[in-house]
Amino acid sequence: MNLQDYLYVKDDATLAQLVEQYREAKLLVLDTEFVRTRTYYACLGLIQAYDGKTLALIDPLAISDLSGFWALLTDEKITKLLHSCSEDLEVFARQGQCQPKPLFDSQLAAAIAGMGHGLGYAKLVHECLGVELDKGESRTDWLKRPLSEAQLSYAANDVYYLYQLYPQLQQKLEQQGRLEWALEESRRMTEGRLDAPDEDTAYLRVKNAFQLSTPQLAVLKVLAAWRLRKALAKDMALGFVMKDHALIGLAKRQPRGINDVLSMKELTDHEKRLYAKDVLKVMAKADMSNLPEPLDVLALKPGYKSAFKSIKQCLTEIAESESVPMELLGSKRHIHEYLEWVWDGKQGPTPLVLLGWRGQLVADKLAKLAL
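On a predicted model such as this, the values are computed, not experimentally measured, just so you know. (Residues numbered from 1 in each chain as written. Predicted model: local features only at pLDDT ≥ 70, side-chain atom pairs only at ≥ 80, totals over all residues. Heavy atoms only, no water.)

Draft legend 1. Examining the packing of helix 8 (residues 214–234) against helix 10 (residues 244–253) more closely. At a minimum axis separation of 8 Å, helix 8 and helix 10 run at an interaxial angle of 140 degrees. Here helix 10 runs oblique to helix 8, going by the angle between their axes. You can see that helix 8 and helix 10 cross each other, and the crossing is right-handed. Only Asp244, Leu247, Ile248, Leu250, Ala251 and Lys252 of helix 10 make contact with helix 8, whose side of the interface consists of Gln216, Val219, Leu220, Leu223, Ala224 and Arg227. Its residues placed into classes, the contact of helix 8 with helix 10 shows eight nonpolar, one polar and three charged. (Axes fitted to C-alpha atoms, helices over the stretch in contact; angles between N-to-C directions. Helix = DSSP H or I, 4+ residues; strand = E, 2+ residues; numbered from the N terminus. Parallel < 35°, antiparallel > 145°, perpendicular 65-115°, else oblique. Left-handed = near helix turned anticlockwise from the far one by under 90°. Contact = heavy atoms within 4.5 Å. Nonpolar A, V, L, I, M, F, W, Y, C, P; charged D, E, K, R; others polar.)

Right, here's the structure in full:
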């Protein structure tokens, strides 16, 4: 097809016809364009889809009912192909309350096939197809209408060439016996995406929370839950409600009155003006009779550095011999999770590095390490 032959879908009837056609596809390439500046959730501006026959640019701002399209994403007869799709999955979870299955992420597939970690779409297209893509519209405002021909062509590129890439990636993986690895890793990306943000554990994701005592953590817990509720209600990014640094400062100092809050250097003038009274009310609700568990900082324990180094060296040797990026096989988070599990007497959930294709490669060798 000619790239200018895309179908711009801006009404429910045309979308319904398109969905009927796509239901017959074995492979559906997808991408989204969105805007995320100050909002908690990304604002969806365009959906691109291509089944090898019809390349559609679907306008979610003009269509009243996308339910038929969202249903396609969970049709297990159709493989959904995306590239570096973490943010797209967020959009699908928020807008469609669904996740694509089965999913094939071409960036993960390229990494597993030994082509390099974190390959961008343009570079992958150039390496596999010899095509140079123009990325000039990558910072466009996808919520503005009308979209220009340059914007629409840019959006169409993102699925048109990906469809052509798929046979090469699939063949490489099949020859290496790693196609299931790519599908497993892609599937893992969708896990937990439909879960609602958890107020009770929000404090655990506040930077430097480990510095706090348990009474201070109790204060941080109610503050982090309050910030999350505020962010969701206003659809604001967490940091635009109140910065992590401010929450930590409040938990440490625990001001008693308005003047105490206003004198704090950790809070911006904007945060003080909007939320000084709120945070005092919130902190008063901290449950000091039921304190959170202290945050156990594994990296501060004796022997951590040497144990971490031993695991990393083992995984690095395996990654090199198997031509799998170390970042994918055993990231710092993976190593930390494994070491924590071992030192905790192998209680709790099995660490990711021991599951699936990773476990096949590393489990026996890791078990021999003296940690």
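Past the structure itself, the notes keep going.
Draft legend 2. Region of interest: the domain arrangement of the protein chain. Assigned domains within the protein chain: domain 1 (7–190), domain 2 (202–284) and domain 3 (298–368). Distance from the C-alpha centre of domain 1 to the C-alpha centre of domain 3: 32 Å. Taken over both partners, the interface formed by domain 1 and domain 3 buries close to 980 Å², and the fraction arising from carbon and sulfur atoms is 62%. Across the contact surface, domain 1 and domain 3 share two salt bridges. With its nearest N and O atoms 3.2 Å apart, the salt bridge here joins arginine 178 to glutamate 322. Linking domain 1 with domain 3 are four residue pairs in polar contact (both at pLDDT 80 or more). Elements with a minimum of two residues in the side of domain 1 that touches domain 3: helix 4 (106–112) and helix 7 (179–189). Looking at the side of domain 1 that touches domain 3, the element that brings in the most residues is helix 7, giving four residues. Residue composition of the side of domain 1 that touches domain 3, by class: four nonpolar, three polar and four charged. (Domains from an automatic or database assignment. Buried area = accessible area lost by both parts, 1.4 Å probe. Salt bridge = Lys/Arg side-chain N within 4 Å of Asp/Glu carboxyl O. Polar contact = N/O pair within 3.5 Å; in protein donor to acceptor, adjacent residues only side chain to side chain.)

Draft legend 3. Representation of the side chain of arginine 227. One can find arginine 227 in helix 8. Separated by 2.7 Å, the side chain of arginine 227 and the backbone oxygen of methionine 242 make a polar contact.

Draft legend 4. Main features of the pairing of strand 2 (residues 27–35). Summarising burial for strand 2: nine of the nine residues are buried, a large majority. In strand 2, alternate side chains face the same way, and those of Leu27, Val29, Asp31, Glu33 and Val35 on one face and Leu28, Leu30, Thr32 and Phe34 on the other are all buried. Two elements, strand 2 and strand 5 (residues 79–82), share three bridges in a ladder whose sense is parallel. By the bridge assignment for strand 5, leucine 28 is matched with lysine 80. Strand direction decides the pairing type here: strand 2 and strand 3 (residues 43–50), joined by seven bridges, are antiparallel. Bridging from a neighbouring strand, leucine 30 pairs with alanine 49 of strand 3. (Buried < 20%, exposed > 50% of the residue type's maximum accessible area, 1.4 Å probe, protein only. Pairing = 2+ DSSP bridges.)

Draft legend 5. Geometry of the UniProt feature "domain: HRDC" (unreviewed entry) in the protein chain. The UniProt record annotates "domain: HRDC" (unreviewed entry) at residues 213–293. In this annotation, residues 213–293 is assigned 68% helix and 0% strand; the end-to-end C-alpha distance for the span is 10 Å. (UniProt positions renumbered as here; feature names shortened; annotations may be inferred.)

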